[in-house]
Amino acid sequence: MADYVLETKNLGISFGGLKAVQDVNLKIKKGQIYGLIGPNGAGKTTVFNLLTGVYKPTTGTFYLDGEDLTGKTQEKINHKGIARTFQNIRLFNNMSVIRNVLVGLHNQPEFKCNPFISMIKLPKHYDTEVRMRDKAKEILKIFDLYEERNNLACNLPYGKQRKLEIARALATNPKLLLLDEPAAGMNPHETQELMDTVRYLRDNFDVTILLIEHDLKFVSGLCDEITVLNFGTVLCQGKVDDALNDPEVVKAYIGG
């Protein structure tokens with residue numbers, strides 16, 4: 001089991017009598033960029049909600065590095081190493097760009113500071129603050145957001161808001177980063193930049209990435225493997241080209 005960063009076994013959830021997702025089995029290896037695709041309403045974001053503790057599964061289990069996290073709280077799952085972004089951008093709009101990233105850093109052990117030390121402003125408190133800001137600046141540079149670090153998040157253009165949300169998630173130092181339609185609303189230039197950034201994160205931050213995306217060019221250009229969902233169940237799994245050319249996938253997803 002520990003051969004996989006993420007493994008799900010018959011994962012599912014029902015709302016009343018409706019089976020929103022059922023029997024989802026994923027096996028994602030360390031360092032993979034893995035895609036979860038399917039038509040609208042297929043259950044993709046519901047799977048993300050199950051993996052991050054927003055919903056508790058009614059069936060099945062999931063493991064991060066071999067540890068069962070089924071039914072854990074959102075906070076516990078995040079501390080264990082799963083972070084995410086959302087379809088609809090969720091930033092602290094009235095906070096600066098750098099403060100949005102600092103929020104993600106606050107729970108990291110290296111930046112923990114005794115409340116007494118912080119309350120009376122001992123030198124260690126200031127040292128921790130400086131180190132946190134340096135780390136936040138380092139992350140912002142990766143996303144080409146350093147120059148905007150003191151601007152309000154709400155004043156960033158759409159594409160940069162998307163990048164900031166990923167930067168904040170990265171600041172929690174995840175083992176597994178879940179990206180929910182990261183390229184949505186981006187122009188072709190922004191989309192290409194994002195593809196380059198995702199590859200950079202995988203190669204330089206020891207992070208595995210699971211993404212939902214409707215842009216099939218984005219998926220085929222990035223992902224090692226994909227799972228295709230339809231009506232809450234797995235329609236196809238495997239290498240990207242094989243899955244996208246599967247007749248059932250073409251019929252259900254691409255519309256051919």
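As the structure is a computational prediction, the values presented were derived from the model and not from experiment. (Residues numbered from 1 in each chain as written. Predicted model: local features only at pLDDT ≥ 70, side-chain atom pairs only at ≥ 80, totals over all residues. Heavy atoms only, no water.)

Participant: Now, about the layout of surface pockets: what can you tell me, with residues and values included?
Facilitator: Counted as a void, the largest pocket has a volume near 520 Å³. For the largest pocket, the lining is made up of 21 residues, of which Asn78, Ala83, Arg84, Phe86 and Thr172 are closest to its centre. For the lining of the largest pocket, the secondary structure elements donating two or more residues are helix H2 (74–80), strand E7 (82–84), helix H3 (97–105) and helix H6 (158–170). Here the lining of the largest pocket takes 5 residues from H2, the largest share from any one element. Among the residues forming the lining of the largest pocket, the class breakdown is 8 nonpolar, 8 polar and 5 charged. (1 Å grid on protein atoms, 1.4 Å probe; cavity = no way out; pocket = protein on both sides within 12 Å on 5 of 7 lines; lining within 4 Å. Points joined across faces, edges and corners; volume = space filled by probe spheres on them. Helix = DSSP H or I, 4+ residues; strand = E, 2+ residues; numbered from the N terminus. Nonpolar A, V, L, I, M, F, W, Y, C, P; charged D, E, K, R; others polar.)

Participant: Talk me through the sheet that holds strand E9 (residues 208–212); I want residue IDs and the actual numbers.
Facilitator: Here 6 strands make up an open sheet; going across it, the order is E7-E8-E9-E4-E10-E11 and the pairing mixed. Looking at which strands have only one partner, the edges of the open sheet turn out to be E7 and strand E11 (233–239). Recorded for the sheet is a direction-independent mean angle of 20° between the axes of neighbouring strands. Along the sheet, helix H1 (residues 44–51) makes contact with strand E4 (33–37), E7, strand E8 (176–180), E9 and strand E10 (225–230), crossing E9 at roughly 140°. (Pairing = 2+ DSSP bridges. Axes fitted to C-alpha atoms, helices over the stretch in contact; angles between N-to-C directions. Contact = heavy atoms within 4.5 Å.)

Participant: How would you explain the pairing of strand E2 (residues 18–24) if you had to name every residue and give the values?
Facilitator: Taken together, the 4 bridges between strand E1 (residues 4–15) and E2 define a ladder with antiparallel strand orientation. Along E2, the bridge assignment pairs Phe15 with Leu18. The turn joining E1 and E2, which pair antiparallel and follow one another in sequence, is formed by 2 residues; a positive phi near 65° is taken by Gly16.

Participant: Describe the packing of aromatic side chains, listing the residues and the values that go with them.
Facilitator: Tallying each qualifying case throughout the model produces 2 aromatic pairs. Here Phe15 and Tyr55 contribute two aromatic rings whose centre-to-centre distance is 5.2 Å and whose plane-to-plane angle is 75°, an arrangement assigned as edge-to-face. One end of the pair, Phe15, is in strand E1; the other, Tyr55, is in the loop between H1 and strand E5 (59–64), with 40 residues separating them in the sequence. Here Phe15 falls in the partly exposed class, since its relative accessible area comes to 39%. Between the NZ or CZ atom of Lys141 and the centre of the ring of Tyr146, over which it lies, the distance is 4.9 Å. (Phe/Tyr/Trp six-rings, centres within 6.5 Å; stacked < 30°, edge-to-face > 60°. Buried < 20%, exposed > 50% of the residue type's maximum accessible area, 1.4 Å probe, protein only. Lys NZ or Arg CZ within 6 Å of the ring centre and 35° of its normal.)

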